[in-house]
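So the chains spell out like this:
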Amino acid sequence: MEGNRKHMELALSIAFRQMGWTSPNPPVGAVIVRNESVIATGGTGPCGSDHAEVAALACAGGDCRGADMYVSLEPCSHFGKTPPCTAAIIAAGISRVFIPALDPNPLVSGRGVAELEKAGVRVVLMEKAADYAVDLIRPFKKYILRHRPFVLSKSAVTLDGRIAARSGDSKWISSEHSRYLAHRLRAKVDAVIIGKNTFVRDNPSLNVRFGEFDPSVARYFSDSPPSMSGRDNFLLKSLLSAEIGEVSRPLRIVIGLPEDVDMTGNIMKDDNYLFFERKDAADRLMRKNGPLKKKTGSLNLHLVEAASREDEIRAVLEELSRRGVMFALLEGGGRLAGSFLDAGEIDEFFYIITPKIAGDGVPSLAGAGVDLIRDALVLRDVSVIPVRDDIIYNGYREPYHFEMM
């Protein structure tokens, strides 16, 4: 039995809605069905609160004996901050559980299925929904297997590949509609990362500001979402038109310590920010810059030990992982993005390509580069979306493979 696609897509939609709130747990949705009618739904909450399956069972508020459950990821079978979901499913009397993919966590992968089947619960893998599911859990897979956040590099670029003019001016390269999507993307990540030059030049807020956009922009997507070619990416499809829900506040990160830090900068309106700098570089700055040294006691500053720029990037990501950051959005600028690329730490590329020609200016990626085209990074699982006159081009460093039961 394949299962009802609509019920699984509802579970996946709930998982998307929860993105930005669950880290370091994966965003998961669950739907309980009896006689093909939905009787309860649930989504994984912030870390330490109920997982989707338990939330759905609580919503059902009674005996679920003989009912089916659709879950966007294999139920967990181990004790973490909460008891195993498999035990709750078994105790509730659920007869069948439909999943699209196994959990990439080695503590769970396949064990959740085994626990359920051992207790007489039938588990059905809905392979046709697997691609949709994995689009939502790529960040969790990298986090749980490599102990670093998944990094999405977002750039608005001219047709000739520039993110700013020669002067550094970049407002605005992309259309209002594309910028609206970028804010929806911010609402789904745990952290937004920029370099010190972007901090000094642009004084960005790095928050989610839907209120800045004319209501007609949102209606453009909700009334008739743009078509997508290439991979039918569920995350991107949901970004176009799905309900966002309550907006999270991503951690705001600046890599590099400027010589002068404006303590009234927009990212410092509250305490939800971090500056990163190499310890040796910070020591040199403090020795020659007394005013900056006095400010550092009031800064959220984290120093890292690193012998190279690539080591610095990895050290930053390891620290963010320790802080529970699972999904990070890299927003600028070109040299910082180039450093992440050289370190092998960009996992997804989200480019907004606009019909403008700069002729010269700031490149989107100022990395080491390659000598031969055959050595260039080839993106996988590519999706293309037209947004008014802009084109959104999205691809991944690696294709995602899910395990079969």
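Refer to the structure presented above.
Here is a short report on the structure shown in this document.

1. Some details on the overall build of the chain
Then step 1. Looking only at helices and strands, the chain features 13 helices and 17 strands.
Then step 2. Radius of gyration (C-alpha) of the chain: 22 Å, near the 22 Å computed for a compact globule of 405 residues.
Then step 3. Within the chain, contacts between residues separated by at least 24 positions form 76% of all contacts whose residues are at least 6 apart in sequence.
Then step 4. Put simply, the chain shows about 17900 Å² of open surface, and 49% of that area lies on carbon and sulfur atoms.
Then step 5. Taking the average place of the 51 positive charges on the side chains of the chain and the average place of its 52 negative ones, the gap between the two points comes to 3 Å.

2. Considering the sheet that holds strand 4 (residues 96-99)
Then step 1. Here five strands make up an open sheet; going across it, the order is 2-1-3-4-5 and the pairing mixed. Across the chains shown, the open sheet's two edge strands, defined by having one partner strand only, are strand 2 (37-43) and strand 5 (122-125). When the angles between neighbouring strand axes are averaged without regard to direction, this sheet yields 20°.
Then step 2. Where strand 3 (residues 68-71) lies against strand 4, three bridges are found, and the strand directions are parallel. Each residue of the ladder has a partner; that of tyrosine 70, found in strand 4, is phenylalanine 98.
Then step 3. Contacts between helix 1 (residues 5-18) and the sheet are confined to strand 1 (29-34), strand 2, strand 3 and strand 4, with strand 1 contributing the most and set at about 150° to the helix.
Then step 4. In the packing of helix 2 (residues 52-60) onto the sheet, the strands contacted are strand 1, strand 2 and strand 3, and the crossing angle to strand 2 comes to about 135°.

3. Some thoughts on the packing of helix 6 (residues 176-186) against helix 9 (residues 234-241)
Then step 1. Remark: helix 6 packs on helix 9, axes separated minimally by 9 Å, with the N-to-C direction vectors making an angle of 115°. Between helix 6 and helix 9 lies a crossing of right-handed hand. Contacts from Leu181, Arg184 and Leu185 of helix 6 reach helix 9 at Ser238, Leu239, Leu240 and Ser241.
Then step 2. Residues belonging to the contact of helix 6 with helix 9 are distributed by class as follows: four nonpolar, two polar and one charged.

4. Side note on the environment of phenylalanine 234
Then step 1. On the secondary structure map, phenylalanine 234 appears in helix 9.
Then step 2. Look at phenylalanine 234 and you get buried, because its relative accessible area is 5%.
Then step 3. Considered as a pair, phenylalanine 234 and arginine 166 are 68 residues apart in the sequence and their alpha carbons are 37 Å apart.
Then step 4. If we ignore the near neighbours within four places in the chain, the residues touching phenylalanine 234 are Glu9, Leu12, Ser13, Phe16, Tyr132, Asp135 and Leu136.

5. Focus on the environment of arginine 209
Then step 1. By the secondary structure assignment, arginine 209 is in the loop between helix 7 (196-202) and helix 8 (215-223).
Then step 2. The spatial distance from the C-alpha of arginine 209 to the C-alpha of leucine 159 is 27 Å, given a sequence separation of 50 residues.
Then step 3. At 2.6 Å, the side chain of arginine 209 forms a polar contact with the side chain of glutamate 212.

6. Some details on the pattern of salt bridges
Side-chain pairs of opposite charge can arise where the charged atoms are in close proximity.
Then step 1. The full count for this structure, using the stated rule, is 27 salt bridges.
Then step 2. The partner of arginine 186 in a salt bridge is glutamate 331, and the shortest N-O contact between them spans 2.9 Å. Pair noted here: arginine 186 is in helix 6 and glutamate 331 is in strand 13 (residues 327-332), with a separation of 145 residues, a long-range link.
Then step 3. For arginine 186, a relative accessible area of 10% corresponds to the buried category.
Then step 4. Among the ionic pairs, aspartate 283 bridges to lysine 279, the shortest N-O distance being 3.3 Å.

7. Notes on the state of the cysteines
Then step 1. The final tally for this structure, using the stated rule, is zero disulfides.
Then step 2. Distance from the sulfur of cysteine 47, which forms no disulfide, to the nearest cysteine sulfur (cysteine 76) is 12 Å.
Then step 3. A residue is classified by how much of its surface remains accessible, and cysteine 47, at 31% relative accessible area, is partly exposed.
Then step 4. Free of any disulfide, cysteine 76 has its nearest cysteine sulfur in cysteine 85, 3.6 Å distant.

Scoring rules and cut-offs
- Residues numbered from 1 in each chain as written.
- Predicted model: local features only at pLDDT ≥ 70, side-chain atom pairs only at ≥ 80, totals over all residues.
- Heavy atoms only, no water.
- Helix = DSSP H or I, 4+ residues; strand = E, 2+ residues; numbered from the N terminus.
- Rg over C-alpha atoms; globule rule 2.2 N^0.38 Å.
- Contact = heavy atoms within 4.5 Å.
- Areas by Shrake-Rupley, 256 points an atom, 1.4 Å probe, with all protein chains shown as cover.
- Lys, Arg positive; Asp, Glu negative; His and termini not counted.
- Charge placed at Lys NZ, Arg CZ, Asp CG, Glu CD.
- Pairing = 2+ DSSP bridges.
- Axes fitted to C-alpha atoms, helices over the stretch in contact; angles between N-to-C directions.
- Left-handed = near helix turned anticlockwise from the far one by under 90°.
- Nonpolar A, V, L, I, M, F, W, Y, C, P; charged D, E, K, R; others polar.
- Buried < 20%, exposed > 50% of the residue type's maximum accessible area, 1.4 Å probe, protein only.
- Polar contact = N/O pair within 3.5 Å; in protein donor to acceptor, adjacent residues only side chain to side chain.
- Salt bridge = Lys/Arg side-chain N within 4 Å of Asp/Glu carboxyl O.
- Disulfide = S-S within 2.5 Å.

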